[in-house]
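Coordinate analysis (summary)
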Amino acid sequence: MELYDKTALEIGRMIKNKDISCREAAKAYIENIKAKDGELNSFVTVLEEEGLKQADEVQKRLDLGEELSPLAGVPMAIKDNICTKDVLTSCSSKMLYNFKPPYNACAVEKIEAAGAVVLGKTNMDEFAMGGSTETSYYGATKNPYDYERVPGGSSGGSAAAVGAGLVPYALGSDTGGSIRQPCSFCGVSGIKPTYGGVSRYGLVAFASSLDQIGPIGKDVRDCAEILSVISGHDRRDSTSVKGFEYDFSDSFDGSVKGLKIGIPTNFYGEGLNEDVKTSVLGAAKLLKDMGAELYEFEMPVVDYAVPAYYIIACAEASSNLSRYDGIKYGYRSNEGESLLDVFVNSRSEGFGMEVKRRIMLGSFVLSSGYYDAYYKKGLQTRALIKKSFNEAFEKCDMIISPVAPTTAFKIGENITDPLKMYLGDIYTVAVNLAGIPAVSVPCGFDGKGLPVGLQLIGQTFSEAKLVKAAYAYQQNTDWHKRAFEKMKGGSL
Amino acid sequence: MSWETVIGLEVHVELATKSKIFCSCTTEFGGAPNTHVCPVCSGLPGVLPTLNENVVEFAIKTGLATNCEITRFNKFDRKNYFYPDLPKAYQVSQLYLPICRNGHVDIEVNGNKKSIGIHEIHMEEDAGKLVHDPWEDSTLVDYNRCGVPLLEIVSEPDFRSAEEVIAYLEKLRETLIYLGVSDCKMQEGSMRADVNLSVRPTGAAEFGTRTEMKNINSFKAIGRAIAYEAKRQIEQIEMGKRVIQETRRWDENKDATYAMRSKENAQDYRYFPEPDLLPIEISEEWIERAKSEMPEPAWAKRERYVSEMGLSEYDAKVLTTERSLALLFEDTTALCGEPKEVCNLIIGELMRLITESQTAADKIYVDPGKMAEIIKLTVEGKINRNAEKEVFEALFKEDIDPVSYIEEKGLMMLEDDGLVESTVEEVIKNNPKSIEDYKGGKQKAFGFLVGQTMRALKGKANPQTVNKILKEKLDSL
């Protein structure tokens, strides 16, 4: 078995047992990145020298007997919208093509303190806006299973890099499905944490009330370990929750006995690909066979989640992205005579189409005369969605649902049809609107051999329970491993 | 036709918190450009605001002092617009739920009392400053002031004259300084007023179209700007033109206002709730605590100085122009029990010294204990008035110890009657002509002899003792 097949915790154990040094692990992955990423394009920045230096430093800490996390010395990558001190943090946008933050995001501080070895920054949809990583200024990332196809998005670089074995794990961010959907497309596992679980300090904002940083790994056990490291209250983020710590100590007994799993029947209707439907319902049946109880019900309000999401997310984005004006940092157009020219030309040239589309949508729904008709309605819908989830969780422990209505589509297939692209978010955005957690794990392949993912959605801060069910599922299936083997026989 | 001027004010005050509203940078005025900044207040990507609770506390106190209702459930909103001095391209402010509402400030103009309504007070952050470099012909941005906390105090359109506006601003300034929430320095921009003004025929029920004047940075200029703008609007209407709703800039040098931008194609600020900050709930306890910490207001001090300490209304007013002076007055009086003496020393000497030394009154330090000591020595006749002034000046300038200073400089009055006696004898011996005059009934001669004696004693004798001894000696001649 090659190193690239191992989980982060397995590599961490090997390092701890001195089967392999931190430098050897980093070097092996850097070699793999060099060999494969030219085509895959999952990295915006590869930190070869810095990564090796960091590996040596972690090794030194370990050799001195410092008690570090089980992830100490394990190489990893960070999505390019998470600030890394003195390292390009471009959000895959021309607008920030030269932006090197003078500080680290809270999640980066924490993961580095735990002994992570950062090998680079991963590609993404520009400012996390998109579900295919095609809107990146640095070009599309490819799906490791099929180079003709997208890896999903917006954390497509992170998911593809983990899927292709270029790093054992990565950090992503999820505003409307940006961790879960690429995990589903690339056959890897991920967690979108409860809003407020992980500090947003240093995450370049897309939609502040929806954004969360979360882990992407080979299996859910890795993801739980990463989440324990990066979570916790941070006084620099007022929305990070105080007085809560994740406790996964009961999550790995492999049992789902007595768990009540809800199936919202309206999630399985029109628009859902048959192969995806079969795989997800197959997983539900397996969970039932393992001892869980299934419970069918309707969640009609979720049908309004996509429009509510695009109103709220775009409104916040239009404000959050206003700071990129060509004055202080980032891209500045050389054209123009007046101050207004600097603003208009810098923004027109610096932002891509999708970002501009969302800024315009957001500015429109906030403008006077339309605020009540759109933004306020969006907020009301959001409250109803939250209420509807609360009611569901009175009757069940978690909900099982597809992550996306399809498997990975072809590069260029949806890019000219934004509405079709937005409808792909139908199963994921409600979770962000409600601020609740969801875990995404592989659950099969479609007829073309592309991975399918399912998500388990739970009440606020129920990650331990979701991980418990997902872990038990992964103990009883090998999709997450087969996915990987299959990919090796394929494109790579 | 006679016209009535209708005015409403939007006053911005920078709060005297140590750190900025959403980060820990200092709020200190000045400093080299872009030295009081961090990733948060300069709006770098990925940073988040954290609320400085002192800002809320100062806002509560200001609301209580201006008789406002305090909003219990507060939120911040974003006001979006592009300008280089606004690094996030939005200002965090309060639109929907301002912290204070429905208050009033009572003023008095020419003996007439009037209550000015406060529509609302809200918290927000200040922007940076653009600095134009005429040599390079470029404009640079200084973000030091970015994120300094502001209160915007919005009055009702209750003013009818410039005098009322100035009386209100003076009252507001005094109130805020006494509360310690702002230093209200117009020249440093920590107090700024925007004037909304319209005119209408006297007796009309409807308001006329208003203009907003910005950039007025002294009370004097406000008076002049109001006079100019009211006249301009009346002239427009009398010429058959209409007043355009617009923002006008006051040009101090030209003594005129000119149009900045028309409100008719006004900017849309696309306000929406700030998602990066949690709502602030203000509890009853918080309000009670703020109340208990509020110092005595200036008007209450004035009343007390007159009724309990026997000062004139004029003196009470002068002492309370600066909170530091009022506090020095109170502390020193408590230690020496001589309110009138303390008052005279502050108004007569200290205020002169402050002016001469060109320091701000709120920056001076005079030790009340030492000041009380000087006054006691004067009252007990141990030093004379000139010595009092001299010692006090030294105290102001170098914080000397009064007793050692007096001893060192030999300013203590003589208590040796023998020396006075021998000096008087000497003076009598040397001035036979004056003795003759005195004997001849010329009272002036006595004064001359006293003067001669005092001069010989370098003024350090008690004049009463000199008088007594001289009289005895002359009478016994």
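Relevant structure appears above.
Presented here is an overview of the structure given in this document.

**Structural notes on the overall build of chain A**
Check the secondary structure of chain A and you find 16 helices and 11 strands. For 492 residues, the compact-globule estimate of 2.2 N^0.38 gives 23 Å, and chain A sits close to it at 21 Å. In chain A, which comprises 492 residues, the proportion classed as buried is 65%. Taking all contacts inside chain A whose residues are at least 6 apart in sequence as the whole, residues at least 24 apart take part in 76%. If you average the places of the 54 positive and of the 62 negative side-chain charges in chain A, the two averages end up 2 Å apart.

**Some thoughts on the overall build of chain B**
Counting its secondary structure elements, chain B contains 15 helices and 16 strands. The C-alpha radius of gyration computed for chain B amounts to 31 Å, which surpasses the reference 23 Å derived for 477 residues by more than 25%, pointing to a less compact arrangement than a globule. Its C-alpha atoms give chain B principal-axis dimensions of roughly 100 × 60 × 55 Å. Across the 477 residues in chain B, those meeting the buried criterion constitute 50%. One way to put it: in chain B the 61 positive side-chain charges average out to a point 3 Å from where the 81 negative ones average out.

**A look at the sheet that holds strand S1 (residues 43-46) of chain A**
Residue and element names in this part refer to chain A. The strand order across the open sheet formed by 11 strands is S1-S3-S2-S4-S6-S5-S10-S11-S9-S7-S8, and the pairing between neighbours is mixed. Single-partner strands in this sheet number two, and they are S1 and strand S8 (293-297). Strand-to-strand twist in this sheet, taken as the mean axis angle between neighbours without regard to direction, amounts to 30°. For strand S5 (residues 189-192) and strand S10 (residues 438-445), the ladder comprises 3 bridges, and the chain directions are antiparallel. Looking across to S10, one finds that Ile191 is bridged to Val439.

**With respect to the pairing of strand S5 (residues 90-93) of chain B**
Residue and element names in this part refer to chain B. Burial along S5 is two-sided: Tyr90 and Val92 facing one way and Gln91 and Ser93 facing the other are all buried. Bridge count for strand S4 (residues 77-80) against S5 is 4 bridges, and the pairing is antiparallel. Across the sheet, the residue bridging to Lys79 is Gln91, located in S5.

**Observations regarding the sheet that holds strand S15 (residues 272-273) of chain B**
Reading across from one edge, S5-S4-S15 (chain B) is the order of the 3 strands in this open sheet, with antiparallel pairing throughout. Both edges of this open sheet fall to S5 and S15 of chain B, since each of them pairs with a single strand only. Along the sheet face, helix H9 (residues 305-320) of chain A touches S4, S5 and S15 of chain B and points at about 60° away from the line of S4(B).

**What about helix H11 (residues 402-409) of chain B?**
Note that an α-helix has 3.6 residues per turn; residues three or four places apart therefore point the same way. Residue and element names in this part refer to chain B. Those residues of H11 not exposed but buried are Pro402, Tyr405 and Ile406. Looking straight down H11, one finds that the buried residues subtend no more than 100° of arc, so they occupy a single side. Opposite the buried face of H11, at more than 90 degrees from it, the exposed residues are Glu407 and Glu408. In the segment just after H11, Gly410 is the residue with positive phi, at about 60°.

**Quick notes on unusual backbone geometry**
Residues and elements named next belong to chain A. Put simply, Gly153 and Ser154 share a cis peptide bond, and its omega is 5°. Relative to the helices and strands, Ser154 is located in the loop between strand S3 (117-122) and helix H5 (156-163). In this structure, Phe127 is a non-glycine residue whose phi angle is positive, near 50°. Structurally, the position occupied by Phe127 is in the loop between S3 and H5. For Phe127, a relative accessible area of 2% puts it in the buried group. Even without being a glycine, Thr133 presents a positive backbone phi close to 60°. Here Thr133 lies in the loop between S3 and H5. Classification of Thr133 as buried rests on a relative accessible area of 0%.

Rules behind the numbers
- Residues numbered from 1 in each chain as written.
- Chains lettered and ligands numbered in written order.
- Predicted model: local features only at pLDDT ≥ 70, side-chain atom pairs only at ≥ 80, totals over all residues.
- Heavy atoms only, no water.
- Helix = DSSP H or I, 4+ residues; strand = E, 2+ residues; numbered from the N terminus.
- Rg over C-alpha atoms; globule rule 2.2 N^0.38 Å.
- Buried < 20%, exposed > 50% of the residue type's maximum accessible area, 1.4 Å probe, protein only.
- Contact = heavy atoms within 4.5 Å.
- Lys, Arg positive; Asp, Glu negative; His and termini not counted.
- Charge placed at Lys NZ, Arg CZ, Asp CG, Glu CD.
- Pairing = 2+ DSSP bridges.
- Axes fitted to C-alpha atoms, helices over the stretch in contact; angles between N-to-C directions.
- Arc of directions from axis to C-beta.

Bear in mind that shape data such as this cannot, by itself, settle questions of function.
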